[in-house]
Amino acid sequence: MAVEIEKTGKTIDEAKQAALLELQVSADMVEFEVLAEPSKGFLGLIGSRPARILARVRELTPADKAKKFLSDIFAAMNLDVTIEVSEAEDGVVLNLIGDNLGILIGKHGQTLDSLQYLSNLTANKGLLEEKVRIILDIENYRSSREETLRRVALRLADKVRRTGERIVLEPMNRHERKIIHMALQDNYRISTYSSGEEPYRKVVIEQ
């Protein structure tokens, strides 16, 4: 059941601010209903009444939960980050925008992947079905990384073809390994497979 409270104030905005202060949530998480407009009454004294509103905290979606989780982390880190939410075919994308966010990406996106993992745990906590996949990105880092991996895969495959020596790539997560495999799946002169245990599993390219 949604939490709701009534608040009054000299103005509607003042009543809303009082509600937000008591609920300890941001304005985008609350639905407001004006129950009474403020009135100054006769000569500003007799019959005057304050504004009265009903504030209702709306149910959080998985994306809301993930966004709040991340916002709390960024606040603790003193990072000014804007979170843009959009729908994608395979989930909900939370794109992080701000200055000097390399610390949130980490080496080859490892920090970003960890934040994404924790965000998914938070977003889907308590859900038994219809879980939502949360995808974190930082100013289109993931698409740039995917393009880089495809170029690397093609270059290394050519090297393997020329030298005949197999190449073992550095450890990658499952998603990045899949990008390598997909990029080379139509190259009949070489083959790829994954070797090792997580989180140190690597792609091997050989003839």
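Scroll up to find the structure this text is about.
Conventions and cut-offs
Residues numbered from 1 in each chain as written. Predicted model: local features only at pLDDT ≥ 70, side-chain atom pairs only at ≥ 80, totals over all residues. Heavy atoms only, no water. Patch = residues over 30% accessible without salt bridge, like charges linked within 9 Å, V, L, I, M, F, W, Y side chains within 5 Å. Areas by Shrake-Rupley, 256 points an atom, 1.4 Å probe, with all protein chains shown as cover. Salt bridge = Lys/Arg side-chain N within 4 Å of Asp/Glu carboxyl O. Helix = DSSP H or I, 4+ residues; strand = E, 2+ residues; numbered from the N terminus. Buried < 20%, exposed > 50% of the residue type's maximum accessible area, 1.4 Å probe, protein only. Pairing = 2+ DSSP bridges. Axes fitted to C-alpha atoms, helices over the stretch in contact; angles between N-to-C directions. Contact = heavy atoms within 4.5 Å. Arc of directions from axis to C-beta. Polar contact = N/O pair within 3.5 Å; in protein donor to acceptor, adjacent residues only side chain to side chain. Expected span 1.5 Å × (residues − 1).

(A) A nonpolar patch on the surface, seen in detail. Together, Y117, L118 and L121 line one region of the surface with nonpolar side chains, adding up to about 310 Å² of accessible area. Residue position: L118 is located in helix α4 (residues 110-123). Judged by its relative accessible area of 37%, L118 falls in the partly exposed class.

(B) Structural context of the sheet that holds strand β1 (residues 4-9). Sheet architecture is open: 3 strands sit in the order β1-β3-β2, paired in antiparallel fashion. Whereas interior strands pair on both sides, the edge strands pair on one side only; in this sheet they are β1 and β2 (30-36). This sheet shows a mean twist of 25° between the axes of neighbouring strands, independent of strand direction. Sheet strands touched by helix α1 (residues 12-23): β1, β2 and β3 (51-57). Its angle to β1, the strand with the most contacts, is close to 140°.

(C) Fine view of helix α6 (residues 174-184). Residues E176, R177, I179, I180 and L184 constitute the buried set of α6. Buried residues in α6, looked at end-on, bunch into an arc of 150°, giving them a common side. For α6, the exposed residues lying more than 90 degrees away from the buried face are R174 and K178. Structurally, α6 contributes buried residues whose contacts are with α5 (141-163), β8 (191-195) and β9 (202-206). Its side-chain oxygen 3.1 Å from the backbone nitrogen of H175, N173 forms the N-cap of α6.

(D) Summary view of the pattern of salt bridges. Evaluated as defined, the whole model comprises 14 salt bridges. Close ionic contact of D90 with R133 constitutes a salt bridge, the shortest N to O distance being 2.9 Å. Of this pair, D90 sits in the loop between β4 (82-88) and β5 (91-97) while R133 sits in the loop between α4 and β6 (134-138), and the two are 43 residues apart along the sequence. A residue is classified by how much of its surface remains accessible, and D90, at 45% relative accessible area, is partly exposed. Close ionic contact of D158 with R161 constitutes a salt bridge, the shortest N to O distance being 2.8 Å. A residue pair is termed a helical-turn pair when its members lie 3 or 4 positions apart in one helix, as D158 and R161 do in helix α5 at 3 residues. Residue classification places D158 among the partly exposed residues on the basis of a relative accessible area of 31%. A single salt-bridge network, built from bridges that share partners, covers E146, E147, R150 and R151.

(E) Structural context of α4. Helix length check: α4, at 14 residues, gives a terminal C-alpha distance of 20 Å against a target of 20 Å (1.5 Å per residue), a fit within 8%. For α4, the full list of buried residues reads L112, L115, Q116, S119, N120 and A123. For α4, the buried positions fall inside an angular range of 140° around the axis, keeping them on one side. Elements that come into contact with the buried residues of α4 comprise α2 (62-76), α3 (102-105), β6 and α5.

(F) Quick look at the environment of G102. Following the sequence through the fold, G102 ends up in helix α3. Separated by 50 residues in the primary sequence, G102 and V152 have C-alpha atoms spaced 22 Å apart.

(G) Structural context of the side chain of R145. By the secondary structure assignment, R145 is in helix α5. A residue is classified by how much of its surface remains accessible, and R145, at 12% relative accessible area, is buried. Setting aside its immediate chain neighbours within four residues, R145 contacts H108, E170 and E176.

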